[in-house]
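Examination of the molecular architecture
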Amino acid sequence: MCKRFVSIWFKHLTTDWFTRRNPALANLPFVLTAPSHGRMIIVAVNYLAQKKGIYAGMVLADARAIIPSLNVFDDKPGLADKLLFRLAEWCIRFTPFVSIDPPVSLILDVTGCSHLWGGDETYLTHIVNRLKIIGYSTRAAMADTIGAAWAVARYNESKKFVIEKGQQLEALLHLPPEALRLELDTIERLHKLGLRQIKDFLTIPAYSLRRRFGPEFIKRLNGALGVEEEIIQPIYPVESYRERLPCFEPIVTRTGIEIALQTLLEKICGRLQREEKGLRSASFKCFRIDGKIEGIDIETNSPSHNVAHLFKLFEIKLSSIQPDLGIELFVLEAQNVEDHSPAQEKIWKEPGDLNDNHLSELLDRLTVRIGAGRIHRYLPDEHYWPERSFKPAMSLQEKLTTEWKIERPRPLQLLSQPEPIEVTAPIPDYPPMLFRYKGKLHKIIKADGPERIEQEWWLQQGKHRDYYYVEDEDGCRYWLFRLGHYSTDKSYQWFIHGFFS
């Protein structure tokens, strides 16, 4: 399939944004300025100011001489970049492959897209009109190459902005050298040599042009003609697993959103199932007709292509989507995909281990409801120091690399940081008789210990710990330790580190 590209040129990007925020400016000439070497320089002009001879780069004082009542506003640094990114996101409704072309342009790879709108002409007109509705004045062109589309959008005076397939050479012949996106000094040299149109130097041998104007000149020319392919970077990499559902009429009801989500899930899960894969994270995005994007994300504990289960996860968050005036495009992306082969079921043994899909799906639903990072699974680690003796598991299916140490009892709940307590102990190495924790006094009736745990000197230096397992008169059991050796000057300190029940 022949590649097709659209270049969108925002002629007054930042000033159009100011006009959108303050509609009264639509009938007034105004400029945006920024200080430079002690002078105020115009960096952007609106259409009315440009029509009267004001241009970017002009000194503000000279502009006021032309229009004494000129309205002036301070430029916002970085505004153009932010606007281009937002507009690029907005244009995803027309194609999934949208790239930013600084300072005031976008490049769209529209290969295979225009037929959905009835053809190239209708497609391009629809894009320009939609941008006009939201307040941006643009010129756009479509061609087989990025360079040709960029050139025609800016310098074509024939009002023909859709270049037929394979006709980029004819479209470029009568355009000036500026249309090739060349450096300013290269353009000046071309004009001095009388080469004022692209056709004037097309017949000159490439090696002569390269020697006089450099390799960048040849690269730009070949790119525009389609001899060399030009690579662009989309704002969002096109996911391998992505499904789109455009709507003929804007969707404003929850029922409509649910139908769209169900349709997209069936498509993407059908493909995942055929390829024996399952998704671990997915994003559901809704593109509203006012340009805003609503979206929800989900994650799973194990790979899944179960449509009903994934729909339930999304359904919990669907209330956060506000359709407002209507949604015109739905996109479902599976950002993280892993292998997922269906396990062979056993007839006589009831499932109940960590590979049970019902357990994984339960954890998925709980995670969506209470939030990510609330449910954890831990595995043993090769350390003696209690805080380092375990590690979080990456998934339910992650295998043990070492066995849990069960020679000595360990508390069911371990505090992330030991907390200091007040202890009464009669003699060295004897278990405590009383301890006070959070203002409550506990009388110990049973105790065992000490168990000495030394610091791992290759990781950290410090005092050892002597741990005791104690039970108070209420039957509650605790894990206490003394930090350091017993001494008469009481330089040691007691801590509570965990609870057995």
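In case you missed it, the structure is sitting above this.
Residues numbered from 1 in each chain as written. Predicted model: local features only at pLDDT ≥ 70, side-chain atom pairs only at ≥ 80, totals over all residues. Heavy atoms only, no water.

**Comments concerning the overall build of the protein chain**
Stated precisely, the cut-off is as follows: Per the convention used, a helix needs a DSSP run of H or I reaching at least four residues, while a strand needs a run of E reaching at least two, with both numbered from the N terminus. Burial classification: accessible surface area is computed with a 1.4 Å probe over protein chains only, and a residue below 20% of its type maximum counts as buried, one above 50% as exposed, and the rest as partly exposed. A contact between two residues is defined here by any heavy atoms of the two lying within 4.5 Å. Per-residue accessibility takes into account occlusion by the displayed protein chains alone, with areas from the Shrake-Rupley method and a 1.4 Å probe.
Of regular secondary structure, the protein chain possesses 13 helices and 20 strands. Considering only C-alpha atoms, the protein chain reaches an extent of 100 × 70 × 55 Å along its principal axes. Here the protein chain holds 501 residues, and 43% of them are scored as buried. Sequence-distant contacts in the protein chain: of pairs separated by 6 or more residues, those separated by 24 or more amount to 58%. Looking at the protein chain as shown, the accessible area adds up to about 28200 Å², and 53% of this sits on carbon and sulfur atoms.

**Observations regarding the sheet that holds strand 4 (residues 71-74)**
Keep this limit in mind: What makes two strands pair is DSSP finding at least two bridges between them. As a rule, the C-alpha atoms of each element are fitted with a line to give its axis, helices using only the stretch in contact, and angles between N-to-C directions run from 0 to 180 degrees.
The three strands lie next to each other as 3-2-4, forming an open sheet whose pairing is mixed. Each of the sheet's edge strands pairs with one partner strand only, and the pair in question is strand 3 (39-45) and strand 4. Sheet twist, expressed as the mean angle between neighbouring strand axes with direction ignored, is 45°. In this structure, strand 2 (residues 30-36) lies alongside strand 3, joined through six bridges in antiparallel fashion. Bridge assignment links Ser-36 to a residue of strand 3, and that residue is Arg-39.

**Examining the packing of helix 11 (residues 254-274) against helix 12 (residues 307-317)**
Rules: Orientation is classified from the angle alone, with under 35 degrees giving roughly parallel, over 145 giving roughly antiparallel, 65 to 115 giving roughly perpendicular, and any other angle giving oblique. A crossing counts as left-handed when the near helix is turned anticlockwise from the far one by less than a right angle, and as right-handed when that turn is clockwise.
Between helix 11 and helix 12, whose axes approach to 10 Å, the crossing angle comes to 140°. In terms of orientation, helix 11 and helix 12 fall into the oblique class. Crossing geometry of helix 11 relative to helix 12 is assigned as right-handed. Residues Arg-254, Glu-258, Leu-261, Gln-262, Leu-265, Glu-266 and Cys-269 of helix 11 touch helix 12, and the partners they reach there are Val-307, Leu-310, Phe-311, Phe-314 and Glu-315.

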